[in-house]
Amino acid sequence: MSTAARRMLAAAGTVAVGAAVNVATGVLTQKWSLAWWLCTAVVVVFGGALQAWLTRADRAAARRQEVEDVDVLGGGLTQRLPGAGEQVVRRARVQGDLTQEQGG
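Predicted model, so just to flag it, every value in this text is computed and none were measured.

Draft legend 1. Geometry of unusual backbone geometry. If you check the backbone angles, Gln-30 has positive phi at about 60° while not being a glycine. Despite not being glycine, Arg-91 shows a phi value in the positive range, around 45°. Along the chain, Arg-91 falls in strand E3 (residues 86-94).

So, in structure tokens, the structure goes:
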């Protein structure tokens, strides 16, 4: 599922949860202004938490290391990436070893 689709699904779920809180509060208390305030609070807090979680997940998935246009004439080149991500070396001249390590 794409990032945009996940964000739209999270936004729709947030609105649905907020609407359910609004209706439930209004029906149970008959205080509709209280219901609207609770609905707004739920949408802001729940929606903000979901978007923060999605942003963090996207950052972890999109980690990338790039080395480009380098000359290493007296040794080797090592890239270390803890966790998932992509490592790229382009247009590099390395006289020693080129090592790419990944994992955590």
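Next comes the rest of the write-up.
Draft legend 2. How the structure looks around the side chain of Thr-14. With respect to the helices, strands and loops of the structure, Thr-14 is situated in helix H1 (residues 3-29). Accessibility expressed as a relative area gives 5% for Thr-14, which makes it buried. With sequence-adjacent residues up to four places away left out, Thr-14 is seen in contact with Val-43, Phe-46, Gly-47 and Leu-50.

Draft legend 3. Structural view of the pattern of salt bridges. Inspection of the entire model under this criterion finds eight salt bridges. Between Arg-64 and Glu-86 there is a salt bridge, with the nearest N and O atoms lying 2.6 Å from each other. A residue pair is termed long-range when its members are at least 10 positions apart, and Arg-64 in strand E1 (residues 64-72) and Glu-86 in strand E3 qualify at 22 residues. Exposure remark for Arg-64: the relative accessible area of 39% places this residue in the partly exposed category. Two residues, Glu-68 and Arg-91, come together in a salt bridge whose shortest N-O distance is 2.2 Å. Within this pair, whereas Glu-68 is found in strand E1, its partner Arg-91 is found in strand E3, the two being separated by 23 residues in sequence. Here Arg-91 falls in the exposed class, since its relative accessible area comes to 54%. Each of Arg-64, Glu-66, Glu-68, Asp-69, Glu-86, Arg-90 and Arg-91 takes part in salt bridges that share partners, so that together they form one network.

Draft legend 4. A look at H1. For H1, with 27 residues, the first-to-last C-alpha span of 39 Å sits near the 39 Å given by 1.5 Å per residue. Considered for burial, the residues of H1 that qualify are Ala-10, Thr-14, Gly-18, Asn-22, Thr-25 and Gly-26. Following H1 by one or two positions, Gln-30 has its phi on the positive side, about 60°.

Draft legend 5. Summary view of the environment of Gln-87. Tracing the backbone shows Gln-87 in strand E3. For Gln-87, a relative accessible area of 15% corresponds to the buried category. C-alpha separation for the pair Gln-87 and Gly-48, spaced 39 residues apart in sequence, amounts to 31 Å. At a separation of 3.1 Å, a polar atom in the side chain of Gln-87 contacts the side chain of Gln-65. A polar atom in the side chain of Gln-87 sits 3.5 Å from the backbone oxygen of Gln-79.

Rules used throughout
- Residues numbered from 1 in each chain as written.
- Predicted model: local features only at pLDDT ≥ 70, side-chain atom pairs only at ≥ 80, totals over all residues.
- Heavy atoms only, no water.
- Helix = DSSP H or I, 4+ residues; strand = E, 2+ residues; numbered from the N terminus.
- Buried < 20%, exposed > 50% of the residue type's maximum accessible area, 1.4 Å probe, protein only.
- Contact = heavy atoms within 4.5 Å.
- Salt bridge = Lys/Arg side-chain N within 4 Å of Asp/Glu carboxyl O.
- Expected span 1.5 Å × (residues − 1).
- Polar contact = N/O pair within 3.5 Å; in protein donor to acceptor, adjacent residues only side chain to side chain.

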